[in-house]
Amino acid sequence: MPKKYHIKAQLMPPRFPPVPKYAMVEREGCLGCLECAKRECVYDVYKNRRFSPEHMVDSIDYLCKNCLRCIQGCKNQLITKMKNPDFEALGDEHWKPDQIASLWEQATTGKIPVSGAGYRGPFSGPGFDSMWTDMSEIVRPTRDGIHGREYIRTSADIGRKPAQLEFDSMGDLRSEPPPLVEIPVPFIFDKLPFGVLNGNVRAGFVRAAEIVGTLIVIPEEDLDWKLMARSENIIPLLRSGGTETGRLKELVTRSRMVELEDSPDVIERIAALKKLNPATVMVVRMATNKSVSGRVEELTRGGAEAVHLVADWQGNEPHEADPRFIKDVLREVHLNLINKALRDEVAIIASGGIAMAEHVAKSIISGADLVGMDLVLEVALECRVCKRCIRGLSCPVTIEAVDPEWAALRIRNLVCSWHSQLIEVLGAMGLREVRRLRGEVGRAMFYEDLEREAFGDVKLAPNAAYAR
Amino acid sequence: MSNSPQTLLTRDSIVNLCDRECASVPSRFRNRISKYKVFRSSACTACGKCAELCSYGVHVRSGERMLRPREWLCIGTACQSNDFYCIDKCPEGALSLGLNPLFETMGDARWPADMLMSTWVMAETGDVPSNGLEFQFGRSGGGYDKLVFDFPVGAGAGIDEEEMDLSIELNRRDDTAHRVTIDIPVYGGGMSFGSVSEHTMIGRAIAARNWNTFTCTGEGGYPESLVPFAHHIITQVATGLFGVREETIQRARIIEFKYAQGAKPGLGGHLLGDKVTPAVAQMREAVTGSALFSPFPFHSVYSVEDHKKHVDWIKAISPKSLISVKVSTPTDVDMVAVGSYYADAHIVHIDGSYGGTGAAPDIAKKNIAMPVEYAIPKVHKFLLAEGVRDRVALIASGGIRNPWDVAKSVALGADGVVIGTAEMVALECIRCANCESGRGCARGIATTDPELTQLVSVEYAARRLSNLYAAWAKELRRILKRLGMRSIRELVGRTDTLMRLS
């Protein structure tokens, strides 16, 4: 058995107090009675209370666990709490405040988010919320990966997998098998859709990729020779229409993979670059759009060994009027490749809107081989998805000033948590290989199908009378 | 210790709890949580006009002064249309009213603050709230929250609610096992000693006895204090086999095999070390302070045939016990249900993915397996097609929050339901989701900490839960009457009585 892949997490405290969901409010009028409800606090949050004058934050707001004992116990009814508007303003409709807070916590501890009581969210929703993953029960064995009794592999291959090998009459391989990049987790780090990105942050990202054993996409113009010392973990993103300079040759020769922006001449470019170094995996990067499926087929036939489909930061097609979500795009692309008997000729990388560990599993079920982590890398560095940086305003959590090593370890923690969560889901499904999850829609349930099967024979209520 | 469960059981108060009368059991907290805040300014002259006017009893005058408003009774701005609206009628203009900011911090899409509070009202009074709290629907935007009944006009005429039959038969096989009928189509789900306190467990058992239904031990052993209620207790056999012994099998009329739990399907149980107190460790024959895992799955069961061996083993020990098979809801839950039936199950219990838990990974709660609203019709139709539907009791759980959810589940095809979270909420759980951490529940429900356990008395728990069952039974009768039915059994699988909201 191969050596088990393991990420060791370690507590990496945030630089800023987390934005609390609620705010504690105390009215004046305390009589100093002897049975103070604050002393009864099970979690000792009053005892450990601190006020940070620098951040203007009272520790009680984020330490409080909302049991409401003090609120219901204070003899003079002086304590209450209310929603914190700052918390509700985090993120947007795709990057929800609770998710961002959960990601911060994962980057701090590296642990799987665990809580008591049942699910609290909407029944279903747009995008990834309209599907559920399956599990095994009685008639199919599950796998116990999380407690380490069985090894569940999470590695992904990027490249072309030939349908068969050819041998000559002497029994030797007639052709060299195409190059394959194997990474231990099914995610790479991708270019950011927006966000603070300077030398510090970049160094942190690259260091994290190195620790985790994955690769990071970096545009050619941002690559210096210092970064290229880590070429093992870097996927240069080449400018379209670039000329064959010595520098380019050097990049292609030293890299395990390169990405090319899709362009009319990209197929010729792939052929040219392959001549420079046949051992480099050629990836074509393109935005998701309505005609993506046919284009992926063309690129595959033209020699692309992987296609990197990039949606916007919310997972939608960037330039379409009625954009589809990346899950639906992936299903179409995957099925088309299957129908054309091309699926193993190309690896599909999906980026954009991957905000939670479950999105990794769901993207792979929809047909991707692996996903790209982008904005989520910034969230690990305490980004609030406020988008001030897009408008050229200062970052409220000064991401530009991070210590690269701290950044790397926060991202490592997040990857550790995602890796563990992926194993939970795979174990429940009874799979021992994330590779087997690709396109396995049989191990998923979709909202539309379940609604039809369960409620198809239930009549629709007349809207006017039952408007809710 | 005078408050130990054993001592409590010998007290008269417990004996007197053995009825279904609804006595008011108010909140055990000093300050109640209310939806609205009523403010009385210093302009108040304590004239007492508001106390005379308010028909909900918000304002009370005591001697020459006004007491603090009993805000939890207030119906809020909806009162504006009444001619006794205190805010307008106060001669001094001293009263004002607003939504309580605390209320807005509570609840979530599945259990909005309204539903939490209405469950408290039911547990307090034994009936559904009449002050405008929304107790039928959550805000989840799907499943039960998008289903309504299509009540035929005038159908309920001539039906006496008192004679309505809410009972269901749990053994529908023609075999020699116990005949078991429960008086309401609801019983309590498995919650182990360790995840909840002994007081909570005894309270649940007393309520189950009062309503001639069941509660379940969960997988944490069978505390001696529950033995007097053995007639109403299901012994759970789960993968860790904690507390599974010959005597605990033999004393139970129903044995429940827990194959999976809806909130964490495909994953094992995990009791964190902090909650493994000396008492819990003793019960589970484990070491104090060390975390306990229940593996997933039963490593001896990888097929229906293996499961049958399990059943045979139980039958050899306790031939008359009913077999319940608790499974989660994967795509092939219908196959699993039929297989369970052929392996001699009396009860097929499907636990949907939005159900409660003492601790589960968030990724599992949301994503793995389907909500029970989908699983019920799937299994019901499959059992019908197989021609065995009338020989097995189909029980649903996992997100059943109120009596309307019960009725909708039955209309979708279940015979009855199992509840858990609703019972916790009746004991004033606020779903803060910290059951698993540290000493456990700060409100004393899901904890084994000796000090915190004392926050919930057995009497309080038993009476609040009994009231909850009373409220649900009353509301179920009203629903059935409006449907023109005399028995809950008439409603099974009647999807024609339902409508979907778009």
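On a predicted model such as this, the values are computed, not experimentally measured, just so you know. Position numbers for residues count from 1 along each chain, tracking the sequence in the order it is written. As a convention, the first chain written is A and the first ligand written is 1, with the rest following in written order. Selection of residues for local features in this predicted model requires a pLDDT of at least 70, selection of side-chain atom pairs for listing and counting requires 80 or more, and totals for whole chains, interfaces and linings are taken over all residues. Water and hydrogen atoms were dropped before computing side-chain values, which therefore reflect all heavy atoms in the structure.

Engineer: Explain the overall build of chain A to me, please; I cannot follow it from the model alone.
Structural biologist: The secondary structure content of chain A amounts to 15 helices and 18 strands. For this measure, only C-alpha atoms enter the radius of gyration; the expected value for a globule follows 2.2 Å times N^0.38, where N is the number of residues. Computed over C-alpha atoms, the radius of gyration of chain A comes to 25 Å, within 12% of the 23 Å expected from 2.2 N^0.38 for 468 residues, which places it in the range of a compact globule. Projected onto its principal axes, the C-alpha positions of chain A cover 95 × 60 × 50 Å. Note on exposure labels: buried denotes an accessible area under 20% of the residue type's maximum, exposed denotes more than 50%, and partly exposed covers the range between, all computed with a 1.4 Å probe on protein chains only. Here chain A holds 468 residues, and 56% of them are scored as buried. Any two residues whose heavy atoms approach within 4.5 Å at even a single point are treated as in contact. Taking contacts inside chain A between residues at least 6 apart in sequence as the whole, the part at least 24 apart equals 71%. Throughout, the Shrake-Rupley method with a 1.4 Å probe supplies accessible areas, and for residues the shown protein chains are the sole cover considered. Here chain A displays about 20100 Å² of accessible surface, and carbon together with sulfur accounts for 53% of that area. Counted as positive: Lys and Arg. Counted as negative: Asp and Glu, with His and the chain ends omitted from the count. Where a charge sits is defined by one atom per residue type, namely NZ (Lys), CZ (Arg), CG (Asp) or CD (Glu). Separation of charge centres in chain A, based on 63 positive and 66 negative side chains, amounts to 5 Å. Strands here mean DSSP runs of E at least two residues long; helices mean DSSP runs of H or I at least four residues long; both are numbered from the N terminus.

Engineer: Help me understand the sheet that holds strand β19 (residues 498-500) of chain B, please; the structure alone is not making it clear to me.
Structural biologist: Strand pairing in a sheet takes place through backbone hydrogen bonds and is either antiparallel or parallel in direction. The three strands lie next to each other as β18(A)-β19(B)-β5(B), forming an open sheet whose pairing is mixed. Of all the strands in the sheet, just β18 (459-460) of chain A together with β5 (147-149) of chain B have a single pairing partner and so form its edges. When β5 of chain B meets β19 of chain B, the two strands line up antiparallel, connected through three bridges. Along β19 of chain B, the bridge assignment pairs leucine 147 of chain B with arginine 500 of chain B. Strands in contact with helix α14 (residues 403-412) of chain B are β5 and β19 of chain B; relative to β5 of chain B, the strand with the most contacts, it is inclined by about 90°. Strand pairing follows a simple DSSP-based rule, namely that at least 2 bridges must link the two strands. Axis definition: a line fitted to C-alpha atoms, over the contacting stretch in the case of helices. Angles run 0 to 180 degrees between N-to-C directions.

Engineer: Where do I start with the sheet that holds strand β17 (residues 393-397) of chain B in this structure?
Structural biologist: Residue and element names in this part refer to chain B. The eight strands lie next to each other as β8-β18-β17-β15-β14-β11-β10-β9, forming an open sheet whose pairing is parallel. Edge positions in the open sheet fall to β8 (186-188) and β9 (215-216), since each of these has one partner strand only. Pairing geometry for strand β11 (residues 254-258) and strand β14 (residues 322-327), over five bridges, is parallel. Across the sheet, residue glutamate 256 finds its bridge partner in β14, namely serine 324.

Engineer: What should I look at first to understand the UniProt feature "binding site: [4Fe-4S] cluster 2" (unreviewed entry) in chain B in this one?
Structural biologist: Residue and element names in this part refer to chain B. Summarizing the sequence annotation, UniProt attributes the feature "binding site: [4Fe-4S] cluster 2" (unreviewed entry) to Cys54, Cys74, Cys79 and Cys86 in the numbering used throughout. The greatest C-alpha distance among the annotated residues, which extend across 33 residues, is 10.5 Å, indicating that they converge on a single site. Looking at the secondary structure, you find cysteine 74 in the loop between β3 (65-66) and α4 (86-89). In this structure, cysteine 79 is in contact with Phe84 and Tyr85, ignoring residues within four places of it in sequence. UniProt positions are given in the numbering used here, feature names are shortened, and annotations may be inferred rather than shown by experiment.

Engineer: Looking at this structure, I do not really get a nonpolar patch on the surface. What am I missing?
Structural biologist: On the surface, Leu165, Phe167 and Leu173 of chain A cluster together into a nonpolar patch covering about 280 Å² of accessible area. A residue is classified by how much of its surface remains accessible, and leucine 165 of chain A, at 47% relative accessible area, is partly exposed. Every patch collects residues that have over 30% relative accessible area and no salt bridge, joining them within 9 Å if they carry like charges and within 5 Å if they are nonpolar side chains (Val, Leu, Ile, Met, Phe, Trp, Tyr). What counts as a salt bridge is simple: a side-chain nitrogen of Lys or Arg found within 4 Å of a carboxyl oxygen of Asp or Glu.

Engineer: Just checking my understanding: could you explain the environment of serine 293 of chain A for this structure?
Structural biologist: Residues and elements named next belong to chain A. Along the polypeptide, serine 293 turns up in helix α9 (residues 292-302). Between the C-alpha atoms of serine 293 and alanine 306, which are 13 residues apart in sequence, the distance is 14 Å. In this view, serine 293 contacts Glu332, Val333 and Asn336; residues no more than four positions away in its chain are not counted.

Engineer: It is not clear to me how the interface of chain A and chain B should be interpreted in this structure. Could you clarify?
Structural biologist: Interface extent is often summarised as the accessible area lost during association of the parts. At the interface, 71 residues of chain A touch 92 residues of chain B. Between the two partners, chain A and chain B, sit six salt bridges. Between glutamate 453 of chain A and lysine 378 of chain B there is a salt bridge; the shortest N-O distance is 3.7 Å. In the analysis that follows, any N or O atom pair within 3.5 Å is treated as a polar contact, provided that within protein one partner can donate a hydrogen and the other can accept it, and provided that, for residues neighboring in sequence, both atoms belong to side chains. At the boundary of chain A and chain B, one finds 44 residue pairs in polar contact (both at pLDDT 80 or more). Considering each element in turn, the side of chain A that touches chain B owes the most residues, six residues, to helix α14 (residues 447-455) of chain A. Gly is placed with the polar residues, together with every amino acid not listed as nonpolar (Ala, Val, Leu, Ile, Met, Phe, Trp, Tyr, Cys and Pro) or charged (Asp, Glu, Lys and Arg). Among the residues making up the side of chain A that touches chain B, the classes are represented as 34 nonpolar, 17 polar and 20 charged.

Engineer: Looking at this model, I keep getting lost on the layout of surface pockets. Mind explaining?
Structural biologist: It is a probe the size of a water molecule, rolled over the atoms, that shows where empty space is left. One number sums up the size of the second largest pocket: a volume of about 770 Å³. Together, 29 residues line the second largest pocket, and Arg27 and Gln77 of chain A together with Lys37, Arg68 and Glu71 of chain B are the ones closest to its centre. Broken down by secondary-structure element, the contributors of at least two residues to the lining of the second largest pocket are α2 (69-73) and β4 (79-83) of chain A together with β1 (36-40), β3 and α5 (101-105) of chain B. Here the lining of the second largest pocket takes four residues from β1 of chain B, the largest share from any one element. For the lining of the second largest pocket, the per-class residue count stands at 15 nonpolar, six polar and eight charged. Residues are called lining when one of their atoms sits within 4 Å of a cavity or pocket point, these points coming from a 1 Å grid over the protein atoms alone, where a cavity is a set in which a 1.4 Å probe fits but cannot get out and a pocket is an open set with protein on both sides within 12 Å along at least five of seven lines. Grid points are joined across faces, edges and corners, and a volume is the space filled by probe spheres set on the points.

Engineer: Help me understand the domain arrangement of chain B in this model?
Structural biologist: Domain ranges listed in this record stem from an automatic or a database domain assignment. Splitting chain B by domain gives domain 1 (36-104) and domain 2 (161-500). Between domain 1 of chain B and domain 2 of chain B, the C-alpha centre-to-centre distance is 43 Å.

Engineer: Sorry if this is basic, but what is going on with the pattern of salt bridges here?
Structural biologist: The tally for this structure, following the rule as stated, stands at 73 salt bridges over all chains. Salt-bridge contacts for lysine 47 of chain A lead to aspartate 44 of chain A; the nearest nitrogen and oxygen are separated by 3.9 Å. Of the residues examined, lysine 47 of chain A reaches a relative accessible area of 66% and is grouped as exposed. For aspartate 44 of chain A, a relative accessible area of 31% translates into the label partly exposed. Ionic pairing is found between arginine 439 of chain B and glutamate 451 of chain B, a salt bridge with its closest N-O pair at 3.5 Å. Of this pair, arginine 439 of chain B sits in the loop between α15 (421-426) and α16 (450-453) while glutamate 451 of chain B sits in helix α16, and the two are twelve residues apart along the sequence. By relative accessible area, which is 58% here, glutamate 451 of chain B ends up exposed.

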